[in-house]
Amino acid sequence: MKRACIEENLLAILDSASDSKHTPDANDDRLAFLEAVRSACIVNENPPTSKMREAVFQILRVGKSLELITESFRLLNELDKRFPRVYLSEKEASESSHLVVVEEGWSPFLFNLENASREREAGGRSISGPLDSLGFLQLMQELAEVANEGNLQALEIKSLRNMLLFQYLVNALEGDFLPRNRVYEETMNWTHLRESLLNMLLSARRINYKGLMKDCLSIMCGLFDVSAGISEDLESPDNAASKLSHNGNAASALALFELGNNACIALQKLLIMIMDLDMSRKKADMQGSTTRADGVRTPLMEIILDELTYDTDMLSPFLKVFNEPKWKLEIILQYFSKYTTRLSTRTRRSNGPTDDATTFSGVLNCFSNITSTRSITKKIKADVVQVLLAHAFQAHLSSSSQQDADGISASKDEGKSGSLVEICENIISAFSNLRRTYA
């Protein structure tokens, strides 16, 4: 009864602020509503109702001022953190984690066919309500336009809104996926992941999964270039001032720089979740837990490798923006393994560890002499090899530092990769052989 009363009073603030009304008074009402929700739910710890959450989400989707979209974005994340829809319950040391799913909890996604049909019939509400798979696909296409445009003069508030909307959706996917994946690793019950928002989104028949993943890579690299360009402008005050004054939208341009970086981080987060899901899916397949209804999906790792192999112009931007050490190193090792597996075996020292191209030491071993180096560079351009080795070394160092900071000892398999001193010696040798090969 108390929640219903709070909901009624708060939603009444928005009575004069329809989705299509964007007068100063209507925007003031929206800001007042956001502050009232924060006070009632975050400060006084009253769980928000689904209608309250959806109203905040609608403001994020239709807001036409920077203040509205940033405040609604911040509030949605605060509500999800304080009142999660999916979470792990407290457990005893001897027990496995228990997954709690608030079935009546609100979600920014709409994958139920009946609900999706009802939403479409609602007309205008579908513009600001939860997204189905096609709505998510349209959002990604609009982000691709921003990434491809790369022009400050073409900047609109819609671009900023879409980037914040995407970041929130990824946060929502993460909040749903991570506890489910943790329980799956403990129980090996594939149902937990089958019902995840991420799996339902990727399994939707109305979207082209491969095309969507390629768009993610293209957007991430494109936004990185846009942010880098803005950064260069901001470092040159005279240049920046002329561009921003000509554009007349300085605040939005500065916001784009920050939002572009954050959108790249969100894209990386999405890619990592998908690769983690692929790993869990592979385990479920091997155990016979999946069914025909789960469908068949190409692992994201294969799609990334294909794109980086056939579009080398994407390679450097991707490796600059994708900075998660574990997966970054794995991607590079998989890239090399397509060309170096046999060479690694042939050039391996008989009295050394049994490295192959699936370890960083194994890859470096392929560049231990000029003959093998020349053989590899016939398949991979020398400049591409240098980029790959440099980023692999960086990822290896970051991963080692992270393990040291976490107090984690190297596993037996990781130990095969060699000590840090050996890695440094081998990376120097590899670059020396590359230089001698093309001296």
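Residues numbered from 1 in each chain as written. Predicted model: local features only at pLDDT ≥ 70, side-chain atom pairs only at ≥ 80, totals over all residues. Heavy atoms only, no water.

**Student:** Go over the overall build of the protein chain, please, and point to the residues and values.
**Tutor:** What the protein chain contains, in helices and strands, is 21 helices and 2 strands. Here the protein chain holds 439 residues, and 47% of them are scored as buried. By sequence separation, contacts in the protein chain at least 24 residues apart represent 72% of the contacts at least 6 residues apart. As displayed, the protein chain offers around 22200 Å² of accessible surface, 49% of which is attributable to carbon and sulfur atoms. (Helix = DSSP H or I, 4+ residues; strand = E, 2+ residues; numbered from the N terminus. Buried < 20%, exposed > 50% of the residue type's maximum accessible area, 1.4 Å probe, protein only. Contact = heavy atoms within 4.5 Å. Areas by Shrake-Rupley, 256 points an atom, 1.4 Å probe, with all protein chains shown as cover.)

**Student:** Residues and numbers for the packing of helix H3 (residues 50-62) against helix H4 (residues 66-82), please.
**Tutor:** Where H3 contacts H4, the two axes come as close as 8 Å, and the packing angle between them is 145°. Once H3 is placed against H4, the crossing between them reads as left-handed. The residues of H4 that touch H3, namely those facing Arg-53, Val-56, Phe-57, Ile-59 and Leu-60, are Leu-68, Ile-69, Ser-72, Phe-73, Leu-75, Leu-76, Leu-79 and Asp-80. (Axes fitted to C-alpha atoms, helices over the stretch in contact; angles between N-to-C directions. Left-handed = near helix turned anticlockwise from the far one by under 90°.)

**Student:** I'd love a proper account of the state of the cysteines, names of residues and values included.
**Tutor:** As used here, a disulfide is simply a covalent bond connecting the sulfur atoms of two cysteines. Per the stated rule, a full pass over the model turns up 0 disulfides. Cys-221 takes part in no disulfide bond, and the closest cysteine sulfur, belonging to Cys-264, lies 8.3 Å away. Relative accessible area serves as the criterion here: at 6%, Cys-221 is assigned to the buried category. (Disulfide = S-S within 2.5 Å.)

**Student:** So what about H4? Which residues, and what values?
**Tutor:** Helix length check: H4 (17 residues) gives 24 Å between terminal C-alpha atoms against 24 Å at 1.5 Å per residue, within 8%. Restricting attention to buried positions, one finds in H4 the residues Leu-68, Ile-69, Ser-72, Phe-73, Leu-75, Leu-76 and Leu-79. Each element contacted by the buried residues of H4 is listed here: helix H2 (24-43), H3 and helix H8 (157-187). (Expected span 1.5 Å × (residues − 1).)

**Student:** Pulling in residues and values, what's your account of the packing of helix H14 (residues 300-310) against helix H15 (residues 312-321)?
**Tutor:** The geometry of a pair of packed helices is captured by two quantities: the angle between their axes and the separation between those axes. Put simply, H14 and H15 touch, their axes get as near as 5 Å, and they point 120° apart. On the basis of their axis angle, the class for H14 and H15 is oblique. Residues Ile-304, Glu-307, Leu-308, Thr-309 and Tyr-310 of H14 form the contact with H15, whose participating residues are Thr-312, Met-314, Leu-315 and Phe-318. Of the residues assigned to the contact of H14 with H15, the class counts are 6 nonpolar, 2 polar and 1 charged. (Parallel < 35°, antiparallel > 145°, perpendicular 65-115°, else oblique. Nonpolar A, V, L, I, M, F, W, Y, C, P; charged D, E, K, R; others polar.)

**Student:** Describe the pattern of salt bridges, with residues and values.
**Tutor:** All told, the structure shown has 17 salt bridges when counted by the stated rule. A salt bridge links Arg-53 to Asp-80, with the nearest nitrogen and oxygen atoms 3.4 Å apart. With Arg-53 in helix H3 and Asp-80 in helix H4, the pair connects residues that are 27 residues apart, well separated along the chain. For Arg-53, a relative accessible area of 7% corresponds to the buried category. Classification of Asp-80 by relative accessible area gives partly exposed; the value is 23%. In this structure, the salt-bridge partner of Asp-176 is Arg-180, at a minimum N-O distance of 3.1 Å. (Salt bridge = Lys/Arg side-chain N within 4 Å of Asp/Glu carboxyl O.)

**Student:** Which residues make up unusual backbone geometry, and what values go with them?
**Tutor:** Negative phi values dominate among residues other than glycine, just as trans dominates among peptide bonds. Phi is positive for Glu-45, which is not a glycine, with a value near 55°. With respect to the secondary-structure elements, Glu-45 resides in the loop between H2 and H3. Overall, the relative accessible area of 48% leaves Glu-45 in the partly exposed class.

**Student:** Explain the environment of Asn-369 to me, using residue names and the numbers behind them.
**Tutor:** Mapped onto the fold, Asn-369 is located in the loop between helix H17 (360-365) and helix H18 (370-377). For Asn-369, a relative accessible area of 29% corresponds to the partly exposed category. For the pair formed by Asn-369 and Ser-429, sequence separation is 60 residues and the distance between their alpha carbons is 8.4 Å. Polar side-chain contacts of Asn-369 include one of 3.1 Å to the backbone nitrogen of Thr-371. (Polar contact = N/O pair within 3.5 Å; in protein donor to acceptor, adjacent residues only side chain to side chain.)

**Student:** Tell me about the packing of aromatic side chains, residues and numbers included.
**Tutor:** Enumeration according to the criterion identifies 9 aromatic pairs in this entry. Centre to centre, the rings of Phe-136 and Phe-166 are 6.4 Å apart; their planes meet at 40°, and the pair counts as tilted. On the criterion of sequence distance, the pair formed by Phe-136 in helix H7 (residues 133-149) and Phe-166 in helix H8 is long-range, its members being 30 residues apart. Judged by its relative accessible area of 2%, Phe-136 falls in the buried class. Ring centres 6.2 Å apart and planes at 80° place the aromatic pair Tyr-184 and Trp-190 in the edge-to-face group. Assigned by exposure class, Tyr-184 and Trp-190 land together as buried. Cluster of aromatic residues (ring-pair linked, three or more members): Phe-109, Phe-111, Phe-136 and Phe-166. Between the NZ or CZ atom of Arg-297 and the centre of the ring of Tyr-209, over which it lies, the distance is 5.5 Å. (Phe/Tyr/Trp six-rings, centres within 6.5 Å; stacked < 30°, edge-to-face > 60°. Lys NZ or Arg CZ within 6 Å of the ring centre and 35° of its normal.)

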